[in-house]
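Results of the structural survey
What follows is the residue order along each chain.
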Amino acid sequence: MDPAREPLAGGGLQRRPAAAARAGGGPQPPRGQRAIHPDVDPQPRPWPWMQKVAILAIVLLGCLQFLPATHFRDPNDPHRNWIPIDRSRNPTDSSNVVGSVDVFSWISCLDLRTLVVLTNSTLSSSSDPQNVSFHFLIPEGGNDKSPYYKLKLVLPDSDLTVTSQRQIKDKLNVATPEGNFLWSFHKELSPLLIAKSQLSKKRYLYISADSIVKGKIEDLGRMDLGTYAIAATEDCSKRFGDLVSMDVLSAIQRAAPKSWVSKEPYDKDACLLDFDVLLIEPRKLEKDLVESIKWWAGVVDVANPKDHIRLAIALALYDKYLKLPSIWKRADANADILNYDGPNKACSEDGRQQEQSSYGDNWKQYLHQKSETILNA
């Protein structure tokens with residue numbers, strides 16, 4: 001029988017509609033609805049092992065969340081650069097907290113007025129005073145408790161410590177040539193003496209006690225030193241050529257141990273280092289730096305003892321320090337750090353103190369008259 005025809009009740013054939021004939025017969029959907037064909041491709045089956053791989057990948061990615069962070073982004077950085085996290089910092093040590101600034105000062109003739117002015121001027125100029133701490137080293141032989149309590153009475157909210165210089169001396173083996181040399185010039189080399197006892201600190205600022213800070217100390221304390229261990233200002237009132245013959249210096253350079261002399265010729269116009277303001281990272285200091293200074297002090301001859309040791313320091317650190325901006329060079333005016341211009345005590349070689357009068361008014365902004373009475377009690 002023709003599949004396109006169907007039988008009639010009274011005999012004969014009737015042509016089946018074309019769509020029904022193509023579908024092979026069977027019930028037809030109501031008019032206006034689309035027919036569903038059973039010849040659709042079956043659903044693809046995934047490889048059996050792919051599901052296990054996906055589960056394993058999810059577990060591994062979840063485990064990565066428990067690893068410690070290695071980089072962070074500074075929210076104040078417009079470029080959103082990734083910054084590596086320094087693992088050498090001890091999170092329980094407040095001295096190594098990001099943003100903290102440690103200020104050390106060595107005072108040879110104890111006068112608490114200068115320390116109060118240094119502290120108050122630094123904190124009043126800072127945009128982050130809560131993260132600035134002070135560490136004062138006072139002359140040996142005195143009672144370090146009394147100065148501490150007086151300072152805390154006048155500066156109740158400041159973070160400060162007072163330590164006798166004797167503690168530094170006790171840690172220093174003065175019986176050795178290096179220790180004896182360091183203590184012989186402890187006034188001039190006090191920043192390096194502090195470095196010997198502060199190896200646990202990442203960095204610190206050394207500021208001469210008779211200073212008035214007008215600039216933001218955090219700008220100085222957070223400066224990037226790169227590969228250098230020391231950043232310092234320069235004192236160009238005297239230069240190499242003023243203190244030593246350059247011919248003698250060249251002869252020393254040719255004959256000296258190569259590790260202690262510069263590979264390049266010394267510049268006769270090179271300035272000396274100014275040790276009034278220093279930024280130091282003690283862990284980066286060369287282990288033989290003091291020995292190098294001692295060696296230079298023995299081979300150069302300068303009449304003035306102070307210039308002698310300062311020249312030895314400058315030669316040992318030639319091209320090995322970062323130059324601080326000149327604005328941090330201590331001066332009487334137009335600088336971020338000024339000379340203390342108030343009354344102070346001067347000590348003679350035999351230990352006697354003599355009062356010296358003030359020569360300016362800057363100090364009065366940072367020392368109240370009542371505070372001065374407490375300090376002198």
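Everything numeric here is computed off the predicted structure, so don't read it as measured data.

So, on to the overall build of the protein. A tally of helices and strands in the protein yields 13 helices and 15 strands. For the protein, the residues scored as buried account for 39% of the 377 residues in total. Of the contacts formed within the protein by residues at least 6 apart in sequence, a portion of 68% connects residues at least 24 apart. Carbon together with sulfur atoms contributes 53% to the accessible area of the protein, which is approximately 22,800 Å² in total.

Now for the pairing of strand 6 (residues 132–138). Strand 6 sits mainly inside the fold: 7 of its 7 residues count as buried. Residue alternation in strand 6 divides its side chains into two sets, V132, F134, F136 and I138 and S133, H135 and L137, and both sets are buried. For strand 5 (residues 101–106) and strand 6, the ladder comprises 6 bridges, and the chain directions are parallel. Its bridge partner being in strand 6, F104 is matched across the sheet by H135. For the crossover that starts at strand 5, traverses helix 3 (residues 112–125) and ends in the parallel strand 6, the hand is right-handed. Pairing analysis gives 6 bridges linking strand 6 to strand 7 (residues 159–164), with the strands arranged parallel. Paired with L137 across the two strands is T163, which belongs to strand 7.

This part is about the environment of P129. Summarising the element assignment, P129 is placed in the loop between helix 3 and strand 6. Its relative accessible area of 28% is what places P129 among the partly exposed residues. Residues P129 and E218, 89 residues apart in the sequence, show an inter-C-alpha distance of 8.9 Å.

Attention now goes to the nonpolar core. Grouped together as the largest cluster of nonpolar side chains are 50 residues, with contacts concentrated most on I230, F240, I293, W296 and L311. Here this core takes 7 residues from helix 12 (residues 305–316), the largest share from any one element. Leave out the neighbours within four places in its chain, and W296 touches L249, I252, W260, V261, Y266, A312, L315 and A316. Counting residues in each nonpolar core, the second largest holds 39 residues, with L115, F136, A209 and L338 among its members.

This part covers the sheet that holds strand 10 (residues 230–239). The strand order 7-6-5-8-11-10-12 describes an open sheet built from 7 strands, whose pairing is mixed. Strands with a single pairing partner mark the edges of an open sheet, and in this sheet they are strand 7 and strand 12 (322–323). Sitting on the sheet, helix 3 is in contact with strand 5, strand 6 and strand 8 (204–207), with an inclination near 165 degrees to strand 6. Sitting on the sheet, helix 12 touches strand 10 and strand 11 (271–280), and the angle it makes with strand 11 is about 70 degrees.

Before going further, it helps to spend a moment on the pattern of salt bridges. Inspection of the entire model under this criterion finds 17 salt bridges. Among the salt bridges present, the one from D102 reaches K201, with a minimum N-O distance of 3.9 Å. Here D102, found in strand 5, pairs with K201, found in the loop between helix 7 (190–197) and strand 8; they are 99 residues apart in sequence, far enough to count as distant. Grouping residues by exposure puts D102 and K201 together as buried. In this structure, the salt-bridge partner of E286 is K320, at a minimum N-O distance of 3.5 Å. Placement of the pair is E286 in the loop between strand 11 and helix 11 (289–299) and K320 in the loop between helix 12 and strand 12, with a sequence separation of 34 residues. Judged by relative accessible area, which is 40%, E286 ranks as partly exposed. For K320, a relative accessible area of 28% corresponds to the partly exposed category. One network of salt bridges, with partners in common, ties together D111, R113, E355 and E372.

Summed over the entire model, instances satisfying the criterion amount to 11 aromatic pairs. Measuring from centroid to centroid gives 6.4 Å for F240 and Y266, while their planes differ by 50 degrees, and the two rings are tilted. Remark: Y266 occurs in the loop between helix 10 (246–255) and strand 11 and F240 occurs in helix 9 (residues 240–243); sequence separation between them is 26 residues. On the accessibility criterion, F240 (1% relative accessible area) is buried. Aromatic ring contacts, followed pair by pair, group F240, W260, Y266, W295, W296 and Y318 into a single cluster.

Attention shifts here to the side chain of Q165. Here Q165 lies in helix 5 (residues 165–171). Setting aside residues up to four positions removed in sequence, Q165 forms contacts with W106, I107, L137, I138, P139, E140 and W183.

For the protein, mean pLDDT is 82; residues scoring 70 or higher make up 79% of the total. Considering only residues more than four positions removed or in separate chains, one finds that residues 18–24, a stretch of pLDDT under 50, has 6 contacts. Ignoring residues within four places in sequence, the model shows residues 74–79, a span with pLDDT below 50, making 4 contacts including any to other chains.

This paragraph deals with the packing of helix 3 against helix 4 (residues 145–154). Where helix 3 contacts helix 4, the axes come no closer than 11 Å and their chain directions differ by 40 degrees. The angle between helix 3 and helix 4 places the two elements in the oblique class. Of the two possible hands of crossing, helix 3 and helix 4 adopt the one that is right-handed. Side by side, helix 3 and helix 4 meet where L112, L115 and V116 of the first sit next to P147, K150, L151 and V154 of the second. Taken together, the residues of the contact of helix 3 with helix 4 sort by class into 6 nonpolar, no polar and 1 charged.

Rules used throughout
Once a new chain begins, its residue numbering starts again from 1 and follows that chain's sequence as written. For this predicted model, a pLDDT threshold of at least 70 governs which residues receive local features, and a threshold of 80 or more governs which side-chain atom pairs are given and counted, while totals over whole chains, interfaces and linings are taken from all residues. Working from all heavy atoms in the structure, the side-chain values ignore hydrogens and water. Helical segments are the DSSP runs of H or I of at least four residues, strand segments are the runs of E of at least two, and each set is numbered from the N terminus. For every residue, the accessible area (1.4 Å probe, protein chains only) is compared with the maximum for its type, and the residue is labelled buried under 20%, exposed over 50%, or partly exposed between those bounds. Note on definitions: a residue-residue contact is assigned when non-hydrogen atoms from the two residues lie within 4.5 Å. Throughout, the Shrake-Rupley method with a 1.4 Å probe supplies accessible areas, and for residues the shown protein chains are the sole cover considered. Pairs of strands are assigned from DSSP output, requiring at least two bridges between the strands. Convention used here: a crossover is right-handed provided that the path from the first strand, over the helix, to the second strand proceeds clockwise when the strands point away from the viewer. Remark: nonpolar core denotes a set of buried residues (Ala, Val, Leu, Ile, Met, Phe, Trp, Tyr, Cys) joined through side-chain atoms within 4.5 Å. Only the stretch in contact is used when fitting a helix axis, every axis being a line fitted to C-alpha atoms; angles between N-to-C directions are given from 0 to 180 degrees. Counted as salt bridges are all cases of a side-chain nitrogen of Lys or Arg within 4 Å of a carboxyl oxygen of Asp or Glu. The pairing test for Phe, Tyr and Trp rings, Trp by its six-membered ring, is centres within 6.5 Å, and the orientation test on the planes gives stacked under 30 degrees, edge-to-face over 60, and tilted for anything in between. pLDDT expresses how confident the predictor is about each individual residue, on a scale running from 0 to 100. Any angle between 65 and 115 degrees counts as roughly perpendicular, while under 35 counts as roughly parallel, over 145 as roughly antiparallel, and the rest as oblique. Crossing handedness follows the turn of the near helix against the far one: under a right angle anticlockwise gives a left-handed crossing, and clockwise gives a right-handed one. In this classification, the charged set is Asp, Glu, Lys and Arg, the nonpolar set is Ala, Val, Leu, Ile, Met, Phe, Trp, Tyr, Cys and Pro, and all remaining amino acids, among them Gly, are polar.

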